[in-house]
Amino acid sequence: MTTREKPLVIITRKLPAPIEKRMTELFDVRFNETDRPMEQPALVAAVREADVLVPTVTDRIDRAVIEQAGPRLKMIANYGNGVDNIDVQAALSRNLLVTNTPDVLNEDTADMTLALILAVPRRLVEGGTRLLGSETWPGWSPTWMLGRRISGKKLGILGMGRIGTAVARRAKAFGLEIHYHNRRRVSPKTEAEFGATYWESLDQMLARMDIISVNCPSTPATFHLLSARRLALIQPHAFIVNTARGQIIDEKALVELIEAGRIAGAGLDVFEEEPAIDRKLMKLARDNKVVLLPHMGSATIEARIEMGEKVIINIRTLMDGHRPPDRILPGQF
């Protein structure tokens, strides 16, 4: 792929130590020692020089960056499950391979989704915070900190892919009734495993659920998929959980509906203008209307190491003259 003995691999953020060590052994590696997101000029400088760029979700690899890529650049090996931070079409038009790290974070993200499904209706964060406040806990009371039971409730999963399926498996064990909307209906075997009901109409599903879990990828087609109009269909007692991408929900509309009492609450691990968080959303968190987490869905040691291992496999496969296993194909995203 290049006349270099080892390819120059530029990594935009600090990765787990075992992965950085292995990459140093295999490649000519340049790290971002500051571990702060690169500004566009730094990204442009990287693509002009590198054989392989390894960005993360915090790096916007748009057309303006890609069009300035140097002749050495052969691949953008994303350290992440999605590729919404990359203009894939622009990359493919320049004959650049784009890869991601699928599958390795399915279980961890599903765990976090279920944690939020439990935390919001059962008021877990609010209860724990009360013990740390200035007032002394007076003890158990029959009417204090009452939440909502989740067993028997209808869970609507938006996106029944790998993560959505893992969420369904966990939710069924907690007694939730599984419903889903997806681009394609899953197999009869999968539906039977979870007793899942397929909704071709997203609108109709939203209007009938007690809890909604967002687990679809972020693409141009899913931007504000939960629009103001669709959010208004949700029942006042229902909750929304999002561990996918913030842009899938019209966050401003969600805030307004929760403020007005037209949606009961939300559990959010991702945000539309991340890392910035809407001040009104922060106020709702302080008022115990929502639970907010700082994009922790895949934040386990195991997941982050396995993500790095997939990046290494993709780069080494390219070095060996083969197509990387996790390459993104035209029209896939």
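Let me sum up the structure you'll find in this document. (Residues numbered from 1 in each chain as written. Predicted model: local features only at pLDDT ≥ 70, side-chain atom pairs only at ≥ 80, totals over all residues. Heavy atoms only, no water.)

For the rest of this paragraph, the subject is unusual backbone geometry. Here the bond from Glu274 into Pro275 is cis, since omega is 10°, no more than 30 degrees from zero. Among the secondary structure elements, Pro275 is positioned in the loop between β11 (265–268) and α12 (279–286). In this structure, Asp35 takes a positive phi of about 60° despite not being glycine. You can see Asp35 is positioned in the loop between β2 (28–30) and α2 (40–49). Under the relative-accessibility criterion, Asp35 is labelled partly exposed at 29%. The backbone of Asn288 sits at a positive phi, close to 65°, despite the residue not being glycine. (Helix = DSSP H or I, 4+ residues; strand = E, 2+ residues; numbered from the N terminus. Buried < 20%, exposed > 50% of the residue type's maximum accessible area, 1.4 Å probe, protein only.)

Another point: the sheet that holds strand β5 (residues 97–99). Sheets are built from strands that pair by backbone hydrogen bonding, the pairs being arranged parallel or antiparallel. Taking strand neighbours across the sheet as the criterion, the five strands line up as β2-β1-β3-β4-β5 in an open arrangement whose pairing is parallel. The sheet terminates laterally at β2 and β5, the two strands that pair on one side only. Looking at each pair of strands side by side, their axes are set apart by 20° on average, direction ignored. Taken together, the three bridges between strand β1 (residues 8–11) and strand β3 (residues 52–54) define a ladder with parallel strand orientation. In the strand pairing of β3, Ile11 is matched with Val54. (Pairing = 2+ DSSP bridges. Axes fitted to C-alpha atoms, helices over the stretch in contact; angles between N-to-C directions.)

It is worth spelling out helix α11 (residues 251–259) at this point. When we look at burial in α11, the residues that qualify are Glu251, Ala253, Leu254, Val255, Leu257 and Ile258. Those residues of α11 hidden inside the fold are in contact with α10 (228–231), β10 (239–242), β11, α12 and β12 (290–292). (Contact = heavy atoms within 4.5 Å.)

Moving on: the side chain of Thr317. Mapped onto the elements of the fold, Thr317 is located in helix α13 (residues 301–319). Residue classification places Thr317 among the buried residues on the basis of a relative accessible area of 18%. Those residues in contact with Thr317 that sit more than four places away from it in its chain are His322, Arg323, Pro324 and Pro325.

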